[in-house]
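Remarks on the overall topology
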Amino acid sequence: MARSLCPGAWLRKPCYLQARFSYVRMKYLFFSWLAVFVGSWIIYVQYSTYTELCRGKDCKKIICDKYKTGVIDGPACNSLCVTETLYFGKCLSTKPSNQMYLGIWDNLPGVVKCQMEQALHLDFGTELEPRKEIVLFDKPTRGTTVQKFKEMVYSLFKAKLGDQGNLSELVNLILTVADGDKDGQVSLGEAKSAWALLQLNEFLLMVILQDKEHTPKLMGFCGDLYVMESVEYTSLYGISLPWVIELFIPSGFRRSMDQLFTPSWPRKAKIAIGLLEFVEDVFHGPYGNFLMCDTSAKNLGYNDKYDLKMVDMRKIVPETNLKELIKDRHCESDLDCVYGTDCRTSCDQSTMKCTSEVIQPNLAKACQLLKDYLLRGAPSEIREELEKQLYSCIALKVTANQMEMEHSLILNNLKTLLWKKISYTNDS
């Protein structure tokens, strides 16, 4: 007969405990190894993503090679490529094609943006047309006169903004900006840089709204790289955490954290007024209507005086341009007729094509963003009225009768309500 591992009854209990201890230890070791494996994999994936997203060295090399061969020029070129007094800091990129960094230029903070590839059209998730071979900085060509360049810019604006009566004024404004060295002339290199930048809606909007309070100032450019004013606080909500920590924070808990770390209510009201004023700036402005197609909190910031500043305007597009590009897009449902996260049209089931009319105006999307932001901590004496105004604002539709009148009325009522409450405080 085989000898038992626990021959005596008096030994059975210690043997059982020993076996159970071994099982628990093995289980602990297994889950520890699994946690290390999964953690390492997540860190590796995130690091790989980071190296793909943050290609500042490649961007600088492309730009400086073009500058040193005389293809492009601009006020930031010498600082970037020769004296190296413009350099990239923290990477803020969210797409490999759109490089974004905190930077320093001659001891002044700024945000550096660089395009790794030229966007031929708005990105709806799938191609609107087959991608073509791109030649960077190919226009205008040598021998192009200033008058011919002005005609090129005029035609581009007409396609983007529609047939506005004052496009000639905007063309002259662009030529002033393009003259980076302020010598009264636009060189071929400066013209190539300006042409590349004019393909970018954010740059165009910065030029159009250069005198407006809530638009970041353009500091300079080189090719399609440009430097804009830095904003101290780069989101309406929350605190900035390392990406490794962000991975392990549940979204619901993160939203609660965001609400805890917002400014005091009067300061939030001042920031909100700034967003409403920016909506006014882009709604049927001097050169047409622009649509805010991503109104997330990460695209908005504010300075130390709690004045709103736009952080990222790349998803603010001319209405005429968007309508032209989306109107014949094939669709199966309304979900196929979306640009960014917030510009939505409907799918015509009879033709299976997207319609061109955007459903929600900018103001409704801004109010949706501000609802929780403003109602949390709102003074009791205005909370009910504020909630009523915000919900009326969110319900706005582009197709509603007398929409423009309702738009103006709701916007003015909201601004008046907020200003009335904070006008006698230190935060105003």
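These remarks concern the structure in this document. All values derive from a computational prediction rather than experimental measurement. (Residues numbered from 1 in each chain as written. Predicted model: local features only at pLDDT ≥ 70, side-chain atom pairs only at ≥ 80, totals over all residues. Heavy atoms only, no water.)

Details of the overall build of the protein
Helix and strand counts for the protein come out as 14 helices and 13 strands. Per-residue burial over the protein gives 44% buried out of 428 residues. The contacts of the protein with a sequence gap of at least 6 include a subset with a gap of at least 24, amounting to 65%. Put simply, the protein shows about 23,400 Å² of open surface, and 55% of that area lies on carbon and sulfur atoms. (Helix = DSSP H or I, 4+ residues; strand = E, 2+ residues; numbered from the N terminus. Buried < 20%, exposed > 50% of the residue type's maximum accessible area, 1.4 Å probe, protein only. Contact = heavy atoms within 4.5 Å. Areas by Shrake-Rupley, 256 points an atom, 1.4 Å probe, with all protein chains shown as cover.)

Details of the pattern of salt bridges
A complete count under the given rule lists 14 salt bridges for this structure. In this structure, E202 engages K113 in a salt bridge whose closest nitrogen and oxygen atoms are separated by 2.8 Å. Of the two residues, E202 sits in helix α7 (residues 201-208) while K113 sits in strand β3 (residues 108-115), which places them 89 residues apart along the sequence. Between K270 and D307 there is a salt bridge whose closest N-O contact spans 3.4 Å. You can see K270 sitting in helix α10 (residues 265-282) and its partner D307 sitting in the loop between β7 (300-302) and β8 (308-310), a full 37 residues away along the chain. D307 carries the same exposure label as K270, and that label is buried. A cluster of three or more residues bridged by salt bridges with shared partners is formed by K113, E202, D312 and R314. (Salt bridge = Lys/Arg side-chain N within 4 Å of Asp/Glu carboxyl O.)

What about empty space enclosed by the protein?
Following the criterion strictly, the structure yields 2 cavities of 30 Å³ or more and no others. Approximately 70 Å³ is the volume attributed to the largest cavity. In terms of lining, the largest cavity is formed by L92, L102, V111, M228, E229, S230, V231, T234, M310 and V311. Counted by class, the lining of the largest cavity contains 7 nonpolar, 2 polar and 1 charged residues. Counted as a void, the second largest cavity has a volume near 30 Å³. (1 Å grid on protein atoms, 1.4 Å probe; cavity = no way out; pocket = protein on both sides within 12 Å on 5 of 7 lines; lining within 4 Å. Points joined across faces, edges and corners; volume = space filled by probe spheres on them. Nonpolar A, V, L, I, M, F, W, Y, C, P; charged D, E, K, R; others polar.)

Remarks on the pairing of strand β2 (residues 98-105)
Two faces make up the sheet, and in a regular strand the side chains alternate between them. Burial within β2 is extensive, with 6 of its 8 residues counted as buried. As paired elements, strand β1 (residues 86-91) and β2 share 4 bridges and run antiparallel to each other. Across the sheet, the residue bridging to L86 is W105, located in β2. Linkage of β1 to β2, two consecutive antiparallel strands, is achieved through a turn of 6 residues. Between the antiparallel neighbours β2 and β3 lie 2 residues, among them D106 with a positive phi of about 50 degrees. (Pairing = 2+ DSSP bridges.)

Side note on the nonpolar core
Grouped together as the largest cluster of nonpolar side chains are 77 residues, with contacts concentrated most on F157, L236, W265, F278, L363, L386 and L418. The greatest single-element share of this core, amounting to 10 residues, is contributed by α10. Counting residues in hydrophobic clusters, the runner-up holds 19 residues, among them C59, I72, C81 and W105. (Core = buried A, V, L, I, M, F, W, Y, C linked by side-chain atoms within 4.5 Å.)

Some remarks on α7
For an α-helix, the turn length of 3.6 residues means that residues three or four places apart are oriented alike. When you tally the buried positions in α7, you get 8 out of 8 residues, the bulk of the element. Restricting attention to buried positions, one finds in α7 the residues N201, E202, F203, L204, L205, M206, V207 and I208.

A look at the sheet that holds β2
Across the sheet, which stays open at both edges, the 5 strands sit in the order β1-β2-β3-β5-β4 with antiparallel pairing between neighbours. The open sheet has two free edges, formed respectively by β1 and β4 (218-222), since each of these has just one partner strand. Taking the axes of each pair of neighbouring strands and ignoring which way they run, one obtains an average angle of 30 degrees across the sheet. Across 4 bridges, the pairing between β4 and strand β5 (residues 225-229) is antiparallel. Across the sheet, L218 pairs through a bridge with M228, a residue of β5. Sitting on the sheet, α7 is in contact with β3, β4 and β5, with an inclination near 45 degrees to β5. (Axes fitted to C-alpha atoms, helices over the stretch in contact; angles between N-to-C directions.)

A short note on the packing of aromatic side chains
Scanning the entire structure with this criterion turns up 5 aromatic pairs. When the centroid spacing of 4.9 Å and the interplanar angle of 15 degrees are considered together, the rings of F88 and Y101 count as stacked. Pair noted here: F88 is in strand β1 and Y101 is in strand β2, with a separation of 13 residues, a long-range link. Note on F88: relative accessible area 21%, which makes it partly exposed. (Phe/Tyr/Trp six-rings, centres within 6.5 Å; stacked < 30°, edge-to-face > 60°.)

What about the side chain of K192?
Here K192 is to be found in helix α6 (residues 188-198). Look at K192: it is buried, it has no salt bridge, and the nearest opposite charge is D138 at 6.6 Å. In contact with K192, other than residues within four places in its own chain, are V71, I72, F137, D138, K139 and P140. (Lys, Arg positive; Asp, Glu negative; His and termini not counted.)

Observations regarding the packing of helix α12 (residues 362-375) against helix α14 (residues 403-422)
Across the interface, α12 lies against α14 with an axial gap of 12 Å and an inter-helix angle of 25 degrees. Classified by the angle between their axes, α12 and α14 sit roughly parallel to one another. Both α12 and α14 take part in a crossing whose hand is left-handed. Residues L363, C367 and L374 of α12 form the contact with α14, whose own contacting residues are H407, I410, L411, L414 and L418. Classifying every residue of the contact of α12 with α14 gives 7 nonpolar, 1 polar and no charged. (Parallel < 35°, antiparallel > 145°, perpendicular 65-115°, else oblique. Left-handed = near helix turned anticlockwise from the far one by under 90°.)

Topic: the state of the cysteines
Under the criterion given, the structure shown has 8 disulfides. Put simply, C77 and C222 are joined by a disulfide, and their sulfur atoms are 2.0 Å apart. Its S-S torsion of approximately 100 degrees makes the covalent link between C77 and C222 right-handed. With C77 in helix α3 (residues 77-81) and C222 in strand β4, the pair connects residues that are 145 residues apart, well separated along the chain. (Disulfide = S-S within 2.5 Å.)

Digging into unusual backbone geometry
Note that the residue after K139, namely P140, is joined by a cis bond; omega there is -10 degrees. Tracing the backbone through its elements, the reader meets P140 in the loop between β3 and α4 (146-161). One non-glycine residue, Y306, adopts positive backbone phi at about 65 degrees.

These results come straight from atomic positions and should not be treated as a statement about function.
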